[in-house]
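# Examination of the molecular architecture
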Amino acid sequence: MKETCGTSRLQNQPQRHYGITSPISLAPPKDIDCIHTQKLVEAMKPFGVFEDEDELNHRLVVLGKLNNLVKEWILELGESKNLPPSAAANVGGKIFTFGSYRLGVHTKGADIDAVCVAPRHVERSDFFQSFFEKLKHQEEIKNLRAVEDAYVPVVKFEFDGIEIDLVFARLSMQTVSDNLDLGDDSRLRSLDIRCIRSLNGCRVTDEILHLVPNKDNFRLTLRAIKLWAKRRGIYSNMLGFLGGVSWAMLVARTCQLYPNALASTLVNKFFLVFSKW
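Anyway, here's the lowdown on the structure attached to this text.

Here is what the cut-offs are and how they apply
- Residues numbered from 1 in each chain as written.
- Predicted model: local features only at pLDDT ≥ 70, side-chain atom pairs only at ≥ 80, totals over all residues.
- Heavy atoms only, no water.
- Pairing = 2+ DSSP bridges.
- Helix = DSSP H or I, 4+ residues; strand = E, 2+ residues; numbered from the N terminus.
- Contact = heavy atoms within 4.5 Å.
- Buried < 20%, exposed > 50% of the residue type's maximum accessible area, 1.4 Å probe, protein only.
- Expected span 1.5 Å × (residues − 1).
- Core = buried A, V, L, I, M, F, W, Y, C linked by side-chain atoms within 4.5 Å.
- Axes fitted to C-alpha atoms, helices over the stretch in contact; angles between N-to-C directions.
- Phe/Tyr/Trp six-rings, centres within 6.5 Å; stacked < 30°, edge-to-face > 60°.
- Lys NZ or Arg CZ within 6 Å of the ring centre and 35° of its normal.

On to the pairing of strand β4 (residues 154-159). Note on strand geometry: in a regular strand, side chains alternate between the two faces of the sheet. By the bridge criterion, 5 bridges tie strand β3 (residues 141-147) to β4 in an arrangement that is antiparallel. Bridging from a neighbouring strand, K142 pairs with E158 of β4. Hairpin geometry of β3 and β4 is characterised by an intervening segment of 6 residues between the two adjacent antiparallel strands. The antiparallel pairing of β4 with strand β5 (residues 162-170) creates a hairpin that spans 2 residues between the two strands, and D160 there sits at a positive phi of about 50 degrees.

Here is the structure:
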């Protein structure tokens with residue numbers, strides 16, 4: 001676990017105010033807060049909240065393979081559309097993750113939300129036809145299905161035991177480099193609304209992480225709040241409750257109000273703040 005008292009205290013010198021109002025308290029953590037935070041970690045472990053290193057590495061391997069498949073497909077598609085060989089070889093393409101995995105709060109066995117970002121010669125129909133066919137022929141991929149008429153159209157599948165929800169976004173650029181910044185608003189110009197929705201997941205996730213004072217404290221607090229909400233059956237936007245992004249925003253706001261607090265304190269303050277909101 002990264003959420004140790006030593007690292008937290010080194011990072012707990014506030015550099016700036018986060019959010020639209022000043023913090024409620026800048027008090028640093030006490031020794032008892034460190035003890036309570038460690039107890040919080042231990043209390044959550046039996047519920048499968050944390051993955052071990054092997055499981056985390058397996059996800060990275062799967063995402064790497066998927067990213068290579070996307071680049072290979074986009075290259076083949078460029079050649080079939082008669083792009084010059086030199087251009088087709090450099091058009092790129094990339095997989096970006098979002099949601100709980102990108103936030104760093106996914107649980108054991110959780111799926112991965114990802115977006116396939118492609119250059120302008122790749123159409124949405126190509127994604128749901130030729131890329132879908134390419135996925136069909138991969139031995140490691142199971143339970144492949146497409147949901148084209150969803151609010152955010154998606155291809156769902158299981159890749160070597162990892163469930164993945166993959167959406168698509170086509171940028172108005174000739175190439176998609178590995179260091180592409182999706183936070184740049186200019187990337188959204190002239191895009192189809194479905195592509196904008198597909199990119200929103202990454203952009204919102206990154207913005208949340210950018211706006212919290214201490215990412216480790218935020219992640220541990222969010223893991224605790226998500227576990228609490230799921231255990232009480234109130235974690236589901238489909239059923240009219242709050243979903244993952246909404247819970248993340250509430251926890252992020254709590255972190256802004258108490259920028260130096262550890263997770264044990266932040267969980268307490270979360271309920272204090274929103275019981276009076």
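Still to come is the rest of the account.
The topology assignment puts T254 in helix α9 (residues 244-257). Look past the residues within four positions of T254 in its chain and what remains in contact with it is L266, K269, F270 and F274.

Looking now at the environment of G183. Position of G183 relative to the elements: it lies in the loop between β5 and α7 (193-210). Residue G183 is classed as partly exposed on the basis of its relative accessible area of 47%.

When the terminal C-alpha atoms of α9 are compared, their 20 Å separation across 14 residues agrees well with the 20 Å that a helix rising 1.5 Å per residue should span. For α9, every residue scored as buried is listed here: W247, A248, V251, A252, R253, T254, C255, Q256 and L257. The elements touched by buried residues of α9 are α5 (99-103), α7, α8 (215-231) and α10 (263-275).

A few words on the environment of D216. Inspection of the secondary structure puts D216 in helix α8. Along the backbone, D216 and I20 are 196 residues apart, and their C-alpha atoms lie at a distance of 22 Å.

This brings us to the nonpolar core. Counting residues in each nonpolar core, the largest one holds 30 residues, and the members touching the most others are M44, L103, F218, L222 and V251. For this core, the secondary structure elements donating two or more residues are α2 (31-44), α7, α8, α9 and α10. Considering every element that reaches this core, the biggest residue donor is α8, with 7 residues. In this structure, V251 is in contact with F218, T221, L222, I225 and F270, ignoring residues within four places of it in sequence.

Glancing now at the sheet that holds β4. Strands belonging to one sheet form pairs held by backbone hydrogen bonds; the direction of such a pair is parallel or antiparallel. The 5 strands lie next to each other as β1-β2-β5-β4-β3, forming an open sheet whose pairing is mixed. The open sheet has two edge strands with one neighbour each: β1 (94-98) and β3. The average angle at which neighbouring strand axes cross in this sheet is 25 degrees, direction not considered. Summarising the sheet, β4 and β5 pair through 6 bridges and their orientation is antiparallel. In the strand pairing of β5, F157 is matched with I164. Where helix α6 (residues 124-136) meets the sheet, it contacts β2 (112-118), β3, β4 and β5, and its direction lies at approximately 165 degrees from that of β3. Across the sheet, α7 is in contact with β1, β2 and β5; its angle to β5 comes to roughly 120 degrees.

What follows deals with the packing of aromatic side chains. By the definition in use, this model includes 11 aromatic pairs. Consider the rings of F127 and F168, whose centres lie 5.0 Å apart with planes at 25 degrees: the pair is stacked. Placement of F127 in helix α6 and of F168 in strand β5 is noted, with a sequence separation of 41 residues between them. On the basis of relative accessibility, which here comes to 0%, the residue F127 falls in the buried class. You can call F168 buried: its relative accessible area is 0%. These aromatic residues form a ring-pair network of at least three members: W228, W247, F270, F271, F274 and W277. Here the guanidinium or amino end of K230 rests over the ring plane of Y235, the centre of that ring lying 4.8 Å away.

These figures come from the coordinates and say nothing about function on their own.
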